[in-house]
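An overview of the molecular structure
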Amino acid sequence: ASVSENDMLFKIDPFSFETALAAAKSNVLETRARIAENEANIRIEQSRIRNLQDQLQIAKNDLERISQLRSRGTATAKDVEDRTFVVSQRTQSLEQSELSLIVENARLDQQNSVLDRLQRAITQAERDLADTILYAPVSGVISENNAAVGRYIGPSDRTVSLYEADRLEVRFTLTDQRFGRIQSDRTGVVGREVEVIWSIGGEEFRFPATIDRIGAQIDSNRGGVEVIAVINDGVAK
């Protein structure tokens, strides 16, 4: 069959790849929810710290005031002890809240790292899903098709073979003497026009072609040089 560039050649069952993509997206949504929860907890702790700082400052001012009254004999030692205990309690509460804030920030950093990894997993899953469809890289003619419904395809299996319809090549061998004689000619070998004759079923098909390149190695089996020509008009019409 003839195909055009970007035509779909075959499609792999996408179920497992679609499932993997859905799972990756679900994991991202779950992680974003955890991040939102961490951010809310951070804001709560920050507000609590500000409130505790104000309360601690009030307690310190109260302690300073009662200490001055004690020095003048208008307050008891127990009053000073009570105010000192309040300052100690509020200092401890502030320190605990500051530690909680550190923990919440660490959790947020961890969740952001997880989110980056999961987003890359989505990208990989989307790429895997897109790779379930094989498109023709060029316009051409399919010469071999090994894809079939229900068949398992391995990574190294050749599924479809095609050749470019407008760049058919023919290979032939020139003897050393003939190659040397043509090469020494003004036209040379590469770029020289030739005629390709294809005999099949008692008929001959003739195609104009141009020598495109010379083989990289001398063909010792045939005793000459391999030459590759490109048929100018592609396949016969």
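Please refer to the structure higher up on the page.
Here we summarise the structure given alongside this text. It should be emphasised that the depicted structure is a prediction, and the values quoted were computed from it without experimental measurement. (Residues numbered from 1 in each chain as written. Predicted model: local features only at pLDDT ≥ 70, side-chain atom pairs only at ≥ 80, totals over all residues. Heavy atoms only, no water.)

**What to know about helix α2 (residues 77–130)**
Along its 54 residues, α2 runs 80 Å from first to last C-alpha, staying within 8% of the 80 Å computed at 1.5 Å per residue. Within the span of α2, buried status applies to Val80, Val87, Leu94, Ser97, Leu101, Glu104, Leu108, Gln111, Leu115, Leu118, Ile122 and Ala125. As for α2, its buried residues are in contact with α1 (15–71). (Helix = DSSP H or I, 4+ residues; strand = E, 2+ residues; numbered from the N terminus. Expected span 1.5 Å × (residues − 1). Buried < 20%, exposed > 50% of the residue type's maximum accessible area, 1.4 Å probe, protein only. Contact = heavy atoms within 4.5 Å.)

**Quick look at the environment of Met8**
By the secondary structure assignment, Met8 is in strand β2 (residues 8–11). Residue class for Met8 comes out partly exposed when judged on its relative accessible area of 49%. Distance in space between the C-alpha atoms of Met8 and Leu134 is 5.9 Å, their sequence separation being 126 residues. The contacts of Met8, once residues within four sequence positions are left out, are Ile133, Leu134 and Tyr135.

**Points about the pattern of salt bridges**
Using the criterion set out here, one finds eleven salt bridges in the structure. Two residues, Glu195 and Arg206, come together in a salt bridge whose shortest N-O distance is 3.1 Å. Separated by eleven residues along the polypeptide, Glu195 in strand β7 (residues 193–200) and Arg206 in strand β8 (residues 203–219) bring together distant segments of the chain. Here Arg206 falls in the partly exposed class, since its relative accessible area comes to 46%. Counted as one network, the salt bridges with shared partners bring together Asp62, Arg65 and Arg83. (Salt bridge = Lys/Arg side-chain N within 4 Å of Asp/Glu carboxyl O.)

**What about the packing of aromatic side chains?**
Scanning the model with the defined rule gives one aromatic pair in all. Taking the centre distance of 5.7 Å and the plane angle of 40° together, the rings of Trp198 and Phe205 count as tilted. Judged by relative accessible area, which is 47%, Trp198 ranks as partly exposed. Under the relative-accessibility criterion, Phe205 is labelled partly exposed at 30%. (Phe/Tyr/Trp six-rings, centres within 6.5 Å; stacked < 30°, edge-to-face > 60°.)

All quantities given are derived from atomic positions and should not be read as evidence of function.
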